[in-house]
Amino acid sequence: MRTYENIMIVHPDKVADEYNAVVEKFKGVLTDLNANLLKVDEWGVRKLAYPVKKQGRGSYVLTVFEADPTIIDEYERRLRLDEAVIKFQTVLLEKGFVEEAAAAAEEGANAEEEE
Amino acid sequence: MAERTTSGTPAKRSVRRRFSRRKGCRFCADNTLKIDYKEIRNLRYFITERGKIVPRRISGNCAEHQRKIREAIKRARNIALLPFTAGHSLD
């Protein structure tokens, strides 16, 4: 088992129920693949540094989980298949999971008000 | 022998100079600072206005920490937290 951290950007048009469905879906995918979920952090809608799939913003979802290296391919394949996920990145945490303040999420939080 | 003494003095001088000039690596000086690709506020200091990574000779980082900064910036860019370059506009 290794500890991984995944960030996915959900399409900004997915709101409320649709958005929750996407988040729940991928939580379900992970548990199906025998991963052990450690943390799910929803950063909310933030501005993207550059447009992705013609979208200027997106909602970030950070997931930390323990899993076997073999399931990552399958998990990323599923992410790629879902149109609601516009970008994702999985990073291996070599030091394991360390709880810390989610300070990064704050900066984008006020991006909402700008428009 | 005469050569030795002459070569010894400029070396000393350059060492002294380097000490007065050196900025020092902030991450080596402060152990509590963490490098994380998700915390773009801390990374912003290490990129230029155009989005380039600030070189080590300017930022003063040591090799190890510059490497970590570089890795973090690239990860942040990949997930659209930091720009690859300035001037991405939607409209």
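See the structure above.
All values derive from a computational prediction rather than experimental measurement. (Residues numbered from 1 in each chain as written. Chains lettered and ligands numbered in written order. Predicted model: local features only at pLDDT ≥ 70, side-chain atom pairs only at ≥ 80, totals over all residues. Heavy atoms only, no water.)

Trainee: Explain the sheet that holds strand S4 (residues 85-92) of chain A here, please?
Mentor: Sheets are built from strands paired through backbone hydrogen bonds, the pairs being either parallel or antiparallel. One open sheet accounts for 4 strands, arranged S2-S3-S1-S4 (chain A); its pairing is antiparallel. At either margin of the open sheet sits one strand with a lone partner, and together these are strand S2 (36-52) and S4 of chain A. Mean inter-strand twist for the sheet, computed between neighbouring axes without regard to direction, equals 20°. Relative to strand S3 (residues 55-67) of chain A, strand S1 (residues 2-10) of chain A runs antiparallel, the two sharing 9 bridges. Residue Tyr-4 of chain A lies in a different strand from S3 of chain A, and its bridge partner there is Phe-65 of chain A. Sheet strands touched by helix H5 (residues 63-78) of chain B: S2 and S4 of chain A. Its angle to S4 of chain A, the strand with the most contacts, is close to 155°. (Pairing = 2+ DSSP bridges. Helix = DSSP H or I, 4+ residues; strand = E, 2+ residues; numbered from the N terminus. Axes fitted to C-alpha atoms, helices over the stretch in contact; angles between N-to-C directions. Contact = heavy atoms within 4.5 Å.)

Trainee: I keep staring at the state of the cysteines and nothing clicks. Help me out?
Mentor: Such a bond, covalent and formed between the sulfur atoms of two cysteines, is termed a disulfide. Residue and element names in this part refer to chain B. Under the counting rule described, the total for this entry stands at 0 disulfides over all chains. A disulfide-free cysteine, Cys-25 has its sulfur positioned 3.7 Å from the sulfur of Cys-28, the nearest such atom. Free of any disulfide, Cys-62 has its nearest cysteine sulfur in Cys-28, 3.5 Å distant. Judged by its relative accessible area of 21%, Cys-62 is partly exposed. (Disulfide = S-S within 2.5 Å. Buried < 20%, exposed > 50% of the residue type's maximum accessible area, 1.4 Å probe, protein only.)

Trainee: What am I meant to see in H5 of chain B here?
Mentor: Since the α-helix advances by 3.6 residues per turn, residues separated by three or four positions end up pointing in the same direction. If you check H5 of chain B, its first and last C-alpha atoms are 23 Å apart, about what 16 residues at 1.5 Å a residue would give, namely 22 Å. All of the buried residues in H5 of chain B are His-65, Gln-66, Ile-69, Ala-72, Ile-73, Ala-76 and Arg-77 of chain B. Projection of H5 of chain B onto a plane perpendicular to its axis shows the buried side chains occupying an angular sector of 135°, all on one side. The inward-facing, buried residues of H5 of chain B contact S2 of chain A together with helix H2 (26-29), helix H3 (40-43) and helix H4 (56-59) of chain B. Just beyond H5 of chain B, the residue with positive phi is Ala-80 of chain B, at close to 65°. (Expected span 1.5 Å × (residues − 1). Arc of directions from axis to C-beta.)

Trainee: It is not clear to me how the pattern of salt bridges should be interpreted in this structure. Could you clarify?
Mentor: Pairing between side chains of opposite charge can happen when their charged atoms approach one another. Overall, the coordinates contain 10 salt bridges over all chains when judged by the stated rule. One salt bridge connects Lys-14 of chain A with Glu-18 of chain A, and the closest N-O pair in it is separated by 3.5 Å. Judged by its relative accessible area of 26%, Lys-14 of chain A falls in the partly exposed class. One salt bridge connects Glu-74 of chain A with Arg-77 of chain A, and the closest N-O pair in it is separated by 3.2 Å. Of the two residues, Glu-74 of chain A and Arg-77 of chain A both sit in helix H2 (residues 71-81), 3 residues apart, roughly one turn of that helix. A relative accessible area of 22% means that Glu-74 of chain A is categorised as partly exposed. Judged by its relative accessible area of 41%, Arg-77 of chain A falls in the partly exposed class. Via salt bridges that share partners, Glu-5 of chain A together with Asp-36 and Lys-38 of chain B belong to a single interconnected network. (Salt bridge = Lys/Arg side-chain N within 4 Å of Asp/Glu carboxyl O.)

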